[in-house]
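Observations on the three-dimensional arrangement
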Amino acid sequence: MIDKKIKFKNFEGQEFEFNFRKPRRETGADGLCYPPKTLSVSKIYVNPHMSKKRIREVIIHELIHAFFWDLPEYKVEKISKIISKILNKFVYLAKNDS
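Now for a description of the structure that goes with this document.

What counts and what doesn't
- Residues numbered from 1 in each chain as written.
- Predicted model: local features only at pLDDT ≥ 70, side-chain atom pairs only at ≥ 80, totals over all residues.
- Heavy atoms only, no water.
- Patch = residues over 30% accessible without salt bridge, like charges linked within 9 Å, V, L, I, M, F, W, Y side chains within 5 Å.
- Areas by Shrake-Rupley, 256 points an atom, 1.4 Å probe, with all protein chains shown as cover.
- Salt bridge = Lys/Arg side-chain N within 4 Å of Asp/Glu carboxyl O.
- Helix = DSSP H or I, 4+ residues; strand = E, 2+ residues; numbered from the N terminus.
- Buried < 20%, exposed > 50% of the residue type's maximum accessible area, 1.4 Å probe, protein only.
- Pairing = 2+ DSSP bridges.
- Axes fitted to C-alpha atoms, helices over the stretch in contact; angles between N-to-C directions.
- Phe/Tyr/Trp six-rings, centres within 6.5 Å; stacked < 30°, edge-to-face > 60°.

Brief notes about a nonpolar patch on the surface
A cluster of nonpolar side chains, namely Ile79, Ile83 and Leu87, defines an oily patch on the protein surface of about 210 Å² accessible area. Mapped onto the elements of the fold, Leu87 is located in helix α2 (residues 73-95). On the basis of relative accessibility, which here comes to 36%, the residue Leu87 falls in the partly exposed class.

Considering the pairing of strand β4 (residues 42-46)
Across the five residues of β4, four count as buried, placing the element largely inside the fold. Pairing geometry for strand β2 (residues 15-20) and β4, over five bridges, is parallel. For Glu17, the partnering residue across the bridge sits in β4 and is Lys43. Bridge count for strand β3 (residues 31-33) against β4 is three bridges, and the pairing is antiparallel. In the strand pairing of β4, Gly31 is matched with Val46.

Some words on the sheet that holds β2
Taken in spatial order, the four strands line up as β1-β2-β4-β3 in an open sheet, and their pairing is mixed. Two strands in the sheet have a free side with no partner beyond their single neighbour: β1 (5-9) and β3. Strand-to-strand twist in this sheet, taken as the mean axis angle between neighbours without regard to direction, amounts to 20°. Inspection of the sheet shows β1 paired to β2 by five bridges, in the antiparallel sense. Opposite Ile6, over in β2, you have Phe18 as the bridge partner.

A look at the packing of aromatic side chains
To describe a pair of aromatic rings, you give the distance between the ring centres and the angle between the ring planes. Inspection of the entire model under this criterion finds six aromatic pairs. Between the aromatic rings of Phe8 and Phe67, the centroid separation amounts to 5.8 Å while the plane-to-plane angle is 15°, which identifies the pairing as stacked. Pair noted here: Phe8 is in strand β1 and Phe67 is in helix α1 (residues 52-67), with a separation of 59 residues, a long-range link. A relative accessible area of 19% places Phe8 in the buried class. Residue Phe67 is classed as partly exposed on the basis of its relative accessible area of 24%. Measuring from ring centre to ring centre gives 5.7 Å for Phe11 and Phe68, while their planes differ by 65°; the resulting arrangement is edge-to-face. Of the two residues, Phe11 sits in the loop between β1 and β2 while Phe68 sits in the loop between α1 and α2, which places them 57 residues apart along the sequence.

Read these as spatial facts, not as claims about activity.
In structure tokens form, the structure reads like this:
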């Protein structure tokens, strides 16, 4: 069972609350990270109704936003896909390790 809310702080000490629930429909996004300092506790939402691989990629993507807010979206997207691909490979190897 996934813990529905997880709190952490970024490098600047901004607190984030990680939530496994769909972002608002009008965003059309699988995940959403509200800007740091917008709220006393910034929120991250990840849609839990996706494949495990996609959830992992979206979690990584939103965490990168939390720590590197000013990074352009195309860089966040590239980094999250690379990290996700590497982690998926390790998960596969761990499952098949004898």
